[in-house]
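Chain residues, written in single-letter form:
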Amino acid sequence: MIERRGFMPSYAIPLSTAFIWFAVLSFLGTVPWTIYQYRKYGYFNIWRNIVLFSFIYYCLTAFFLVSLPLPKNRNDIEFKHHVYTQLKPFNFLSDFNTIPGFKPYQLNTYPKMLKSFTFLQLLFNVALLFPLGVYLRFFFKKAKKWYIALPIIFSVTLFFEVSQLTALFGYYTYPYRLFDVDDLMMNTLGGLIGFFTAPVLLFFIPSRDQLHQKDKVYSSDHLASYGSQLVEALLTLVISKLVGSIIATFLCHGNYVYPIQLLISVVFMIVLPIIGSDTTIGGKIIRLKLLLPEKKRVKSLIYRFILIYTPSLVSHVSQSIYAFYSDSVSVILLQVCVFLITSVVWIVFGIILIKDWIQKRDAVFFNYLSRVTFVRK
């Protein structure tokens, strides 16, 4: 139950806190989650991830709404003599009688009731678990599973109320929120409303069956998706640079970092696939198999490596030229030209990737130009 400290301000803190935590968790989890998606499904399903990330944000928001703001300290005596429980069902009905100017039998007084803290708190309690009901309907698919959704919804609201009664499970000395039976009832009601009205809200979202049907497109031995081919190359480059940096740090005292990174990239992208591995290091992580042409296999891998690594090589050369300080006009013009060339290389590289993605090409340009194919394992 929220406190009467100004309705909207009391929600601003938990909403902003939930957003911050969501942003942190998303930042930390995006890379491993993306790898997991491509490893398990072979592609990154936008709708599946919208549902997942929105559910995470909703869970954080709901918990912070019933928990924040927190007391100033763990032993805050301000709450020592507060009432901790309200066990009378439908007690909120009597609260409506305390609304100034509101009379149940006079319709012209209802606007005052609709603007009152009592009504807004009731509305909040109904709305709190409404999204949970929608998510459960998406998961269970059919309305006849309501008997499973009901105990889940009730357990969640009971968890919230118990956390309030126990002062966040004993972390604070005195409870700072009210354990209210009416909250249990209204939260559960809101969850059930969400469960039964979910089809209206989920009309434009693919069902779980439709998502699973699309998963079959990228099953074993099928051509890898465009996104998974990009992730493979990115993972291989990142791991090559990481391993190269570690080797340069411990064996060369931090010198020759880029040459060693380049050498490790050659090993991971050319040598290993040739000597027996059927994929690159990035492909192994997300379960992709490398198929090479019967003839000129080494040439194909070298050509692919050049296409992928060219922007990085150009940037490295550019940095070396930028490091040369001189007042000479010719040197400055050279640096400007190098900057323009580097920018053009990266822009063209990015434009080609985006253009092929928009046109829904099956393969990334550095793969189809080098006649290299990746398929799902």
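## With respect to helix H6 (residues 130–140)
1) Next: Taking burial as the measure, the 11 residues of H6 include eight buried ones, the bulk of the element.
2) Next: Listed as buried for H6 are Leu132, Gly133, Val134, Tyr135, Leu136, Arg137, Phe138 and Phe140.
3) Next: Just beyond H6, the residue with positive phi is Lys141, at close to 75 degrees.

## Focus on the layout of surface pockets
1) Next: If you add up the space inside the second largest pocket, you get close to 430 Å³.
2) Next: Around the second largest pocket sit 16 residues that line it, and Val51, Leu52, Phe138, Phe139 and Arg208 are the ones nearest its centre.
3) Next: Within the residue set of the lining of the second largest pocket, elements represented by two or more residues are helix H1 (7–40), helix H2 (46–67), H6 and helix H10 (208–215).
4) Next: Each residue belonging to the lining of the second largest pocket can be placed in one class, and the counts come to 11 nonpolar, two polar and three charged.

## A short note on the nonpolar core
In a soluble, globular protein the nonpolar side chains are often hidden away together inside.
1) Next: Grouped together as the largest cluster of nonpolar side chains are 27 residues, with contacts concentrated most on Ile286, Leu353 and Phe366.
2) Next: Of all the elements in the fold, those that place two or more residues in this core are H1, helix H11 (226–251), helix H12 (257–274), strand S3 (288–291), helix H14 (297–322), helix H15 (329–358) and helix H16 (365–368).
3) Next: Beyond its immediate sequence surroundings of up to four residues, Ile286 is in contact with Ile35, Tyr38, Arg39, Ser228, Val231, Glu232, Leu235 and Arg376.
4) Next: Of all hydrophobic cores here, the second largest spans 21 residues; its members include Val51, Leu65, Leu129 and Val134.

## Regarding the packing of aromatic side chains
1) Next: Counted under the stated rule, the structure contains 21 aromatic pairs.
2) Next: Between Trp146 and Tyr147 the ring centres are 6.5 Å apart and the planes differ by 90 degrees, which places this aromatic pair in the edge-to-face class.
3) Next: Taken together, a centroid distance of 5.5 Å and an interplanar angle of 90 degrees make the contact between Phe195 and Phe196 edge-to-face.
4) Next: Judged by relative accessible area, Phe195 falls into the buried class, the value being 0%.

## So, the packing of H2 against H6
1) Next: Packing of H2 against H6 brings their axes to within 11 Å, and their N-to-C directions diverge by 150 degrees. By the criterion of interaxial angle, the relationship of H2 to H6 is roughly antiparallel. Taken as a pair, H2 and H6 cross one another with a handedness that is left-handed. Contacts between H2 and H6 involve Val51, Ser54, Phe55 and Tyr58 from the first element and Pro131, Leu132, Tyr135 and Phe138 from the second.
2) Next: Residue classes in the contact of H2 with H6 are distributed as seven nonpolar, one polar and no charged.

## Overview of unusual backbone geometry
1) Next: The phi dihedral of Phe169 falls on the positive side, at around 60 degrees, and the residue is not glycine.
2) Next: Locating Phe169 in the fold gives a position in helix H8 (residues 167–170).
3) Next: We note that His253 has phi near 55 degrees; this positive angle belongs to a residue other than glycine.
4) Next: One can find His253 in the loop between H11 and H12.

## Regarding the pattern of salt bridges
1) Next: In this structure the tally under the stated criterion is three salt bridges.
2) Next: Residue Glu232 is joined to Arg304 by a salt bridge in which the shortest nitrogen-to-oxygen separation is 2.6 Å. Linking Glu232 in helix H11 with Arg304 in helix H14, this pair joins segments that are 72 residues apart in sequence. Like Glu232, the residue Arg304 is buried in the burial classification.

## Section: the environment of Pro89
1) Next: For Pro89, the location among the structural elements is in the loop between strand S1 (85–86) and helix H3 (92–96).
2) Next: On the basis of relative accessibility, which here comes to 45%, the residue Pro89 falls in the partly exposed class.
3) Next: Residues Pro89 and Lys145 lie 56 residues apart in sequence; the distance between their C-alpha atoms is 27 Å.

## Considering a positive patch on the surface
1) Next: Residues Lys295, Lys296, Lys299 and Arg371 make up a contiguous surface patch of positive charge.
2) Next: Among the secondary structure elements, Lys296 is positioned in the loop between S3 and H14.
3) Next: Note on Lys296: relative accessible area 54%, which makes it exposed.

## Observations regarding the packing of H6 against helix H7 (residues 146–165)
1) Next: Between H6 and H7, whose axes approach to 11 Å, the crossing angle comes to 145 degrees. Considering only the axes of H6 and H7, their crossing is right-handed. Of H7, the residues touching H6 (which contributes Leu132, Gly133, Leu136 and Phe140) are Ile148, Ala149, Ile152, Ile153 and Val156.
2) Next: The class makeup of the residues in the contact of H6 with H7 is eight nonpolar, one polar and no charged.

## Overview of the environment of Gln335
1) Next: Mapping Gln335 onto the fold places it in helix H15.
2) Next: Residues Gln335 and Phe179, 156 residues apart in the sequence, show an inter-C-alpha distance of 69 Å.
3) Next: Not counting residues up to four positions away in its chain, the partners in contact with Gln335 are Ile321, Tyr322 and Phe324.

Each value, and the rule that gives it
- Residues numbered from 1 in each chain as written.
- Predicted model: local features only at pLDDT ≥ 70, side-chain atom pairs only at ≥ 80, totals over all residues.
- Heavy atoms only, no water.
- Buried < 20%, exposed > 50% of the residue type's maximum accessible area, 1.4 Å probe, protein only.
- Helix = DSSP H or I, 4+ residues; strand = E, 2+ residues; numbered from the N terminus.
- 1 Å grid on protein atoms, 1.4 Å probe; cavity = no way out; pocket = protein on both sides within 12 Å on 5 of 7 lines; lining within 4 Å.
- Points joined across faces, edges and corners; volume = space filled by probe spheres on them.
- Nonpolar A, V, L, I, M, F, W, Y, C, P; charged D, E, K, R; others polar.
- Core = buried A, V, L, I, M, F, W, Y, C linked by side-chain atoms within 4.5 Å.
- Contact = heavy atoms within 4.5 Å.
- Phe/Tyr/Trp six-rings, centres within 6.5 Å; stacked < 30°, edge-to-face > 60°.
- Axes fitted to C-alpha atoms, helices over the stretch in contact; angles between N-to-C directions.
- Parallel < 35°, antiparallel > 145°, perpendicular 65-115°, else oblique.
- Left-handed = near helix turned anticlockwise from the far one by under 90°.
- Salt bridge = Lys/Arg side-chain N within 4 Å of Asp/Glu carboxyl O.
- Patch = residues over 30% accessible without salt bridge, like charges linked within 9 Å, V, L, I, M, F, W, Y side chains within 5 Å.
- Areas by Shrake-Rupley, 256 points an atom, 1.4 Å probe, with all protein chains shown as cover.
- Lys, Arg positive; Asp, Glu negative; His and termini not counted.
- Charge placed at Lys NZ, Arg CZ, Asp CG, Glu CD.

Coordinates in, geometry out; function isn't part of it.
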